[in-house]
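# Examining the three-dimensional arrangement
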Amino acid sequence: MVWDFYSLLLAIYMMFSFMLVDETATLKLCPNCYKAFFTENEDDVYCSENCEM
Ligand SMILES: [Zn+2]
């Protein structure tokens, strides 16, 4: 099974999000800069306002 870099990153992200999830904070992966970040807002997609633009 060969995974490209993005798939690997996604798998790691999924793993961490299951491991670290708690009631208030969710680990998400910014689709712009590919940094993982915690947010308390379910609607947050990007890590910062800069990435949102
Ligand atoms: Zn970002």
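Scroll up a little and you will see the structure.
## Considerations on the overall build of the chain
When helices and strands are tallied, the chain shows two helices and two strands. Taken from N to C terminus, the helices and strands of the chain fall in the order α-β-β-α. Taken across its 53 residues, the chain has 19% of its residues classed as buried. Considering only contacts within the chain whose residues lie at least 6 apart along the sequence, 4% involve residues at least 24 apart.

## Some points on unusual backbone geometry
Among all residues save glycine, negative phi is the norm, and among peptide bonds the norm is trans. With phi around 65°, tyrosine 34 is a residue other than glycine that occupies positive phi space. Looking at where tyrosine 34 falls in the secondary structure, it is placed in the loop between strand 1 (26–29) and strand 2 (36–39). Taking relative accessible area as the criterion, tyrosine 34 reaches 43% and is therefore assigned partly exposed.

## Details of the coordination of the zinc ion
Taken together, the protein ligands of the zinc ion are Cys30 (SG), Cys33 (SG), Cys47 (SG) and Cys51 (SG), with distances of 2.3 Å. Sequence spacing of the donor residues for the zinc ion, all on one chain, is C-x2-C-x13-C-x3-C. Note that cysteine 30 is positioned in the loop between strand 1 and strand 2 and cysteine 47 in the loop between strand 2 and helix 2 (49–52), a separation of 17 residues in sequence. A relative accessible area of 0% places cysteine 30 in the buried class.

Rules and cut-offs
Residues numbered from 1 in each chain as written. Predicted model: local features only at pLDDT ≥ 70, side-chain atom pairs only at ≥ 80, totals over all residues. Heavy atoms only, no water. Helix = DSSP H or I, 4+ residues; strand = E, 2+ residues; numbered from the N terminus. Buried < 20%, exposed > 50% of the residue type's maximum accessible area, 1.4 Å probe, protein only. Contact = heavy atoms within 4.5 Å. Donors = N, O, S within 2.8 Å, 3.2 Å for Na, K, Ca; no water.

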